[in-house]
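If you want the building blocks of each chain, they are given just below.
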Amino acid sequence: MAAVHHSPNPPIVYSFPFVDKLVASLAEFIIKAQRESIDKKGKFTIALSGGSLPNALKGLIGNPGVKWDKWQVFYVDERVVPLDNPDSNHLAFTEILFSKVPIPTSHIHTLDPSLLDDLEELSDAYEKELIKEFAQKDSARFPVFDLILLGMGPDGHTASLFPGHELLAEDDRWVAYLEDSPKPPAKRITFTYPVINHAARVAFFAVGEGKVEMLSSVLDKPEEGLPSSRVKPVYPGHLYWFVDDQAAAKLEYPKTAFKL
Ligand SMILES: O=C1O[C@H](COP(=O)(O)O)[C@@H](O)[C@H](O)[C@H]1O
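Here is a short report on the structure shown in this document.

Criteria and cut-off values
Residues numbered from 1 in each chain as written. Predicted model: local features only at pLDDT ≥ 70, side-chain atom pairs only at ≥ 80, totals over all residues. Heavy atoms only, no water. Salt bridge = Lys/Arg side-chain N within 4 Å of Asp/Glu carboxyl O. Helix = DSSP H or I, 4+ residues; strand = E, 2+ residues; numbered from the N terminus. Pairing = 2+ DSSP bridges. Axes fitted to C-alpha atoms, helices over the stretch in contact; angles between N-to-C directions. Contact = heavy atoms within 4.5 Å. Patch = residues over 30% accessible without salt bridge, like charges linked within 9 Å, V, L, I, M, F, W, Y side chains within 5 Å. Areas by Shrake-Rupley, 256 points an atom, 1.4 Å probe, with all protein chains shown as cover. Lys, Arg positive; Asp, Glu negative; His and termini not counted. Charge placed at Lys NZ, Arg CZ, Asp CG, Glu CD. Phe/Tyr/Trp six-rings, centres within 6.5 Å; stacked < 30°, edge-to-face > 60°. Buried < 20%, exposed > 50% of the residue type's maximum accessible area, 1.4 Å probe, protein only.

Let us now look at the pattern of salt bridges. A side chain with one charge may pair with a side chain of the opposite charge, provided their charged atoms come close. Here the structure, examined in full by the defined rule, presents ten salt bridges. When the shortest N-O distance is used, the salt bridge between Arg201 and Glu36 registers 2.8 Å. Of this pair, Arg201 sits in strand E9 (residues 201-206) while Glu36 is found in helix H1 (residues 19-41), placing the two residues 165 residues apart along the sequence. Arg188 is paired through a salt bridge with Asp77; the nearest N and O atoms lie 3.8 Å apart. Note that Arg188 is positioned in strand E8 (residues 188-191) and Asp77 in strand E4 (residues 77-79), a separation of 111 residues in sequence.

In structure tokens form, the structure reads like this:
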């Protein structure tokens, strides 16, 4: 029988008048994804970006719906710095979220700080960490996260995938490195598109007037091929955008009322 190829599900955009309502709704959305995943397989695999995202997850603190002991947390991208360096995405999450909730530290998968001098080894080691969790590199090819949370930079980058960069074409490695990030620090490791696009759900968080032009370019003109437009989870995966009305000021792409 011939294989059926489905096109990706279209993005669903939720826009909120106030960031606190967005933060509360994002927490509900994450908890629903977590519940479904735990019901199916007893755990929840989530990958987190840095930047403004840690503050967007404050709605999870003290929330009785979160089963922290079932979470397995990875970082979508990470800056190649010690874990206590102010540029570290892990440090930001530790200070803003993880130090305030009962998540076992062994469930938070950081880069290996002993490998900071060798980016090839560092990214390979993080890929192996993924293989350990998903145990499938040979058979299924790519890990399927329950949820990946992304940000979008003012240049349209997401994760550490920047406009015009050769890593946009990486289709084999799960974790790649770069030494020429246009946004400091220059050295980073990042998930590649095949990993991001195999997740069951991907959700972007983008707020504020600094995102107005880029949000419209990414969603209204995907043919321009900006890094954030290239996030297209393969069927049956879903893509969501959590934005505020300020960021969505010029957006023509239709918005959907938030409902779980
Ligand atoms: O450098 C990075 O930037 C992006 C976007 O950050 P934001 O502050 O504009 O939300 C972030 O998603 C990525 O993880 C980070 O390393």
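Across the sheet, three strands lie side by side as E4-E8-E7; this open sheet has antiparallel pairing. Only two strands of the sheet have a single partner each, and these edge strands are E4 and strand E7 (175-178). Taking the axes of each pair of neighbouring strands and ignoring which way they run, one obtains an average angle of 15° across the sheet. Here E7 pairs with E8 via four bridges, running antiparallel. Counted as the bridge partner of Tyr177 is Ile189 from E8. Strands in contact with helix H4 (residues 119-134) are E7 and E8; relative to E7, the strand with the most contacts, it is inclined by about 160°.

All right, on to a negative patch on the surface then. Residues Asp112, Asp117, Asp118 and Glu121 make up a contiguous surface patch of negative charge. Relative to the helices and strands, Asp117 is located in the loop between strand E5 (108-109) and H4.

This part is about the packing of aromatic side chains. The tally for this structure, following the rule as stated, stands at 19 aromatic pairs. Aromatic pair Tyr75 and Phe93: ring centres 5.9 Å apart, planes at 45°, arrangement tilted. With Tyr75 in strand E3 (residues 71-75) and Phe93 in helix H3 (residues 89-96), the pair connects residues that are 18 residues apart, well separated along the chain. The same class applies to Tyr75 as to Phe93, namely buried.

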